[in-house]
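Here is how the chains run, residue by residue.
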Amino acid sequence: RVAITAGGLTDGSKQFLHQESRNLCRCVQCCSQYSFAKTMVNVNDGVQITKILDVDADFISAKWSDGHTGIIPRNTNSAYGVESGATILEQYMDLVQRKNKAHTFWTGENGGDTALEPFQYANVKADKEALQAFLLHFLEYGVAILKNCPIIENPVSLLNEDLRYGPVQDTIYGSVVEIKFRSSTDGELVAYTNNELPTHTDFSFYTKTPDILNVYGVENTVVGGESTYVDTFGVLNEVREERPDLFQILTEVDVYYRYAVPGKKLNVSSHKVVEMRGENMYRVVDMFCELDELEFVRHNDIETRKKWWEAYSYYRNKCTEPRTPAARRLDKGDLIMIDNCRVLHGRKPFVDGTGERVMNLMYAEFSHVIPAILDLHMEIHGKPTKEDSAAA
């Protein structure tokens, strides 16, 4: 046997299949030496290593039963290259993969102050370690608040340049959505009124909801209207512990959403309230006001729907308990980074005629946060070397 480091496991508790060793081949015939993407994939489960030809610190030279001779990497850097940051990535892998053991669950009464502890724009812009801490805080808590950002006409540059996790994702409203008080009358979209806005997920009617919601405060002089935040992972963890049967229903039943924007196309989609990856809560979609009851009834029998409503009510009642939401005023110059797949957001009512409340919304991808964190790590600590790989 020859030891190969797999995700930091060096104790022999994990073994590679012969087929996996074949797909790990890093020779120029099988693998791009630029991107380390495979140029072939062997799906033949009958392939076997027939001979080990040579072994050094980084590679195993082997021959397989399909006649191929190649090299199997023995560590992260030999698998993906010293320049790739793969060794660094192992330090953040649980956060990157959204493993719940890397998350800190919170409520307004328990941990909310820590989750909503603000960072200062001037520090984050000037100090790479402060910027990395801001982004890691977001991954851990699902929300991060940045205070005293400059008020600029096009805030996209804040994400693309200052915070380094752009580009901004376009939606049916464009790349920047302005939310401004328009009416207190019934029939208006509630976000544009002074009425309470229940906590929710944005764009539930998209096939894939945007990963990150960024709320940028342009002006706020109204009385009331504090923003509210709910960590659904914390709430759902309570549901799983108290009523695992109800939690299971929320992970199994498809919920249907429909939204028709005036002058734009009809948007429809379906999601489970909780999307799981193994035992980990991975994504949550919860936008009750866009629920399409007709499609929900058409696709689910009455017994399934009864169970779902019991489960959803149990979960949602926890979301609205006084102890659960955390509330903060959105000030001019604030930028709130919200995990749209974990933390619900809403707003308390405000008093009509007491001032102006204007914000911009921008959306972004999780996939762009990780490279930013890795680049910052290398800029702060230097690029990894083969010695780093050996130590890891």
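Residues numbered from 1 in each chain as written. Predicted model: local features only at pLDDT ≥ 70, side-chain atom pairs only at ≥ 80, totals over all residues. Heavy atoms only, no water.

Let us now look at the overall build of the protein. Assigned secondary structure in the protein consists of 13 helices and 17 strands. When burial is assessed residue by residue, the protein has 47% of its 392 residues classed as buried. Considering only residue pairs separated by 6 or more positions, the protein has 74% of its internal contacts joining residues 24 or more positions apart. (Helix = DSSP H or I, 4+ residues; strand = E, 2+ residues; numbered from the N terminus. Buried < 20%, exposed > 50% of the residue type's maximum accessible area, 1.4 Å probe, protein only. Contact = heavy atoms within 4.5 Å.)

In this section: the sheet that holds strand 7 (residues 197-200). Picture the strands of a sheet paired through backbone hydrogen bonds; they go either parallel or antiparallel. If you walk across this open sheet you meet the 4 strands as 7-16-9-14, and the pairing is antiparallel. Strands at the two margins of the open sheet, each flanked by one partner only, are strand 7 and strand 14 (326-328). Here the average twist between neighbouring strands, direction ignored, is 20°. Relative to strand 16 (residues 343-347), strand 7 is paired through 2 bridges, and the arrangement is antiparallel. By the bridge assignment for strand 16, histidine 200 is matched with histidine 345. Helix 8 (residues 232-242) rests against strand 9 (227-231) and strand 16 of the sheet, and its axis sits at about 40° to strand 9. (Pairing = 2+ DSSP bridges. Axes fitted to C-alpha atoms, helices over the stretch in contact; angles between N-to-C directions.)

As a further point, take the sheet that holds strand 6 (residues 177-180). One open sheet holds the 6 strands; their spatial order is 4-5-15-8-17-6, and the pairing between them is mixed. Of all strands in the sheet, those with a lone pairing partner are strand 4 (119-120) and strand 6, marking the two edges. Inspection of the sheet shows strand 4 paired to strand 5 (residues 143-147) by 2 bridges, in the parallel sense. Following the sheet pairing, glutamine 120 is matched in strand 5 by lysine 147.

The next thing to look at is the pattern of salt bridges. One pass over the full model with this rule turns up 28 salt bridges. One salt bridge in this structure joins arginine 22 and aspartate 66, with 2.8 Å as the shortest N-O distance. In this pair, arginine 22 sits in helix 1 (residues 18-23) while aspartate 66 sits in the loop between strand 2 (59-64) and strand 3 (69-73), placing the two residues 44 residues apart along the sequence. The partner of arginine 258 in a salt bridge is aspartate 292, with the nearest N and O atoms 2.7 Å apart. Here aspartate 292 lies in the loop between strand 13 (280-284) and helix 10 (293-299) and arginine 258 lies in strand 10 (residues 254-260), a separation of 34 residues in the sequence. Residue classification places arginine 258 among the partly exposed positions, given a relative accessible area of 38%. (Salt bridge = Lys/Arg side-chain N within 4 Å of Asp/Glu carboxyl O.)

This next bit is on the confidence of the model for the protein. The predicted model of the protein averages 89 in pLDDT, with 89% of residues at 70 or higher. Across residues 7-11 the pLDDT falls below 50, and counting only partners more than four positions away or on other chains, this stretch makes 3 contacts in the model. (pLDDT = per-residue confidence, 0-100.)

This part covers the environment of lysine 208. Here lysine 208 is to be found in the loop between strand 7 and strand 8 (212-220). A sequence separation of 77 residues divides lysine 208 from valine 285, and the C-alpha atoms of the two residues are 9.8 Å apart. The residues touching lysine 208, leaving out its near neighbours within four places in the chain, are Arg283 and Glu365. Looking at lysine 208, its side chain comes within polar contact range of the side chain of glutamate 365, at 3.5 Å. (Polar contact = N/O pair within 3.5 Å; in protein donor to acceptor, adjacent residues only side chain to side chain.)

Moving on, we come to the pairing of strand 1 (residues 49-55). Where strand 1 lies against strand 2, 5 bridges are found, and the strand directions are antiparallel. The partner of isoleucine 49 across the bridge, within strand 2, is tryptophan 64.

This part covers the packing of helix 9 (residues 244-252) against helix 11 (residues 302-320). It is the contact of helix 9 with helix 11, at a shortest axis distance of 9 Å, that shows an interaxial angle of 110°. As far as their axial angle goes, helix 11 and helix 9 are roughly perpendicular. Contact residues: helix 9 offers Leu246, Ile249 and Leu250, while helix 11 offers Lys307, Trp308, Glu310, Ala311, Tyr312, Tyr314 and Tyr315. Class assignment of the residues belonging to the contact of helix 9 with helix 11 gives a composition of 8 nonpolar, no polar and 2 charged. (Parallel < 35°, antiparallel > 145°, perpendicular 65-115°, else oblique. Nonpolar A, V, L, I, M, F, W, Y, C, P; charged D, E, K, R; others polar.)

Turning our eyes to something else, we now look at the pairing of strand 12 (residues 274-277). Strand direction decides the pairing type here: strand 12 and strand 13, joined by 4 bridges, are antiparallel. Bridge pairing in strand 13 links valine 274 to valine 284.

Take the nonpolar core next. Core analysis: the biggest nonpolar cluster contains 52 residues, and Leu250, Val273, Trp308 and Tyr315 have the highest contact counts within it. Looking at this core, the element that brings in the most residues is helix 11, giving 5 residues. If near-sequence neighbours (up to four positions away) are discounted, leucine 250 is found in contact with Leu236, Lys272, Val273, Val274, Trp308, Ala311, Tyr312 and Tyr315. In terms of nonpolar packing, the next biggest core, distinct from the first, is built from 34 residues, Tyr121, Val156, Tyr165 and Met337 among them. (Core = buried A, V, L, I, M, F, W, Y, C linked by side-chain atoms within 4.5 Å.)

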